[in-house]
Amino acid sequence: MKLIIMIWLLAVLPIQWEPDFNNAKKIAKEKSELILLNFSGSDWCGPCIVLRKNYLESQAFTDMAKENLVMVNADFPRKKVNISTPEQVKRNEGLAEIYNKEGSFPLTLLLDSDGKVLKIWQGKPESTPEQWTAEIKAICDSKK
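Just so it is clear, the structure is predicted and the values come from calculations on it, not from any experiment.

K.L.:
Where do I start with the sheet that holds strand E3 (residues 107-111) in this structure?
P.N.:
Pairing between sheet strands relies on hydrogen bonds along the backbone, with the strands arranged either parallel or antiparallel. Read across the open sheet, the four strands follow the order E2-E1-E3-E4; overall the sheet is mixed. The strands lining the two open edges of the sheet, one partner per strand, are strand E2 (69-75) and strand E4 (117-122). Across the sheet, the mean angle from the axis of one strand to that of its neighbour is 15 degrees, orientation sign disregarded. With five bridges joining them, E3 and E4 adopt antiparallel strand pairing. If you follow Leu109 over to E4, its bridge partner there is Ile120.

K.L.:
What's the story with the environment of Trp17 in this structure? I'm lost.
P.N.:
Mapped onto the elements of the fold, Trp17 is located in the loop between helix H1 (2-12) and helix H2 (21-31). Residue class for Trp17 comes out partly exposed when judged on its relative accessible area of 23%. Remark: the alpha-carbon pair of Trp17 and Asn73, spanning 56 residues in sequence, is separated by 6.5 Å. In this view, Trp17 contacts Asn38, Arg52, Leu56, Met71, Val72 and Asn73; residues no more than four positions away in its chain are not counted.

K.L.:
Would you take a moment to explain the pattern of salt bridges for this structure?
P.N.:
A side chain with one charge can pair with a side chain of the opposite charge if their charged atoms come near. Summed over the entire model, instances satisfying the criterion amount to five salt bridges. Between Glu57 and Arg52 there is a salt bridge whose closest N-O contact spans 3.4 Å. When its relative accessible area of 48% is taken as the criterion, Glu57 is described as partly exposed. Where Asp141 meets Lys137, a salt bridge forms, and the shortest distance between an N and an O atom there is 2.7 Å. You can see Asp141 and its partner Lys137 sitting in helix H6 (residues 129-142), four residues apart, about one turn around the helix. We classify Asp141 as partly exposed; its relative accessible area is 38%.

Conventions and cut-offs
- Residues numbered from 1 in each chain as written.
- Predicted model: local features only at pLDDT ≥ 70, side-chain atom pairs only at ≥ 80, totals over all residues.
- Heavy atoms only, no water.
- Pairing = 2+ DSSP bridges.
- Helix = DSSP H or I, 4+ residues; strand = E, 2+ residues; numbered from the N terminus.
- Axes fitted to C-alpha atoms, helices over the stretch in contact; angles between N-to-C directions.
- Buried < 20%, exposed > 50% of the residue type's maximum accessible area, 1.4 Å probe, protein only.
- Contact = heavy atoms within 4.5 Å.
- Salt bridge = Lys/Arg side-chain N within 4 Å of Asp/Glu carboxyl O.

Take a look at the structure:
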């Protein structure tokens, strides 16, 4: 019974976001996965909210991501209540200095385990969530 409950919980839990990019690279290397890095303004950026709700939280995407991706979200909220720890803010700012110098939101990058950029999506994808997920999955499959 415990096994059934654990399997069910894993199936319904949302994706886990890795807060530390260096740890994400380590995990990606160990599991032979790619990294999806998302820059967002979770409490002020309309397209970021749509991307998260309709794409990143879609069932098709979460199912694919659990098997192929290490997820990192560099969030830049504006409301004080939503601002993370000073350490996380510093990590996110460091990622922006490397991968998002223009300050684009949303900006989503697919990276290899060394942090090399494989694909960039600026703004909300123009394709459907299913098409976008399939595109990411095809890139993941080509790198295995």
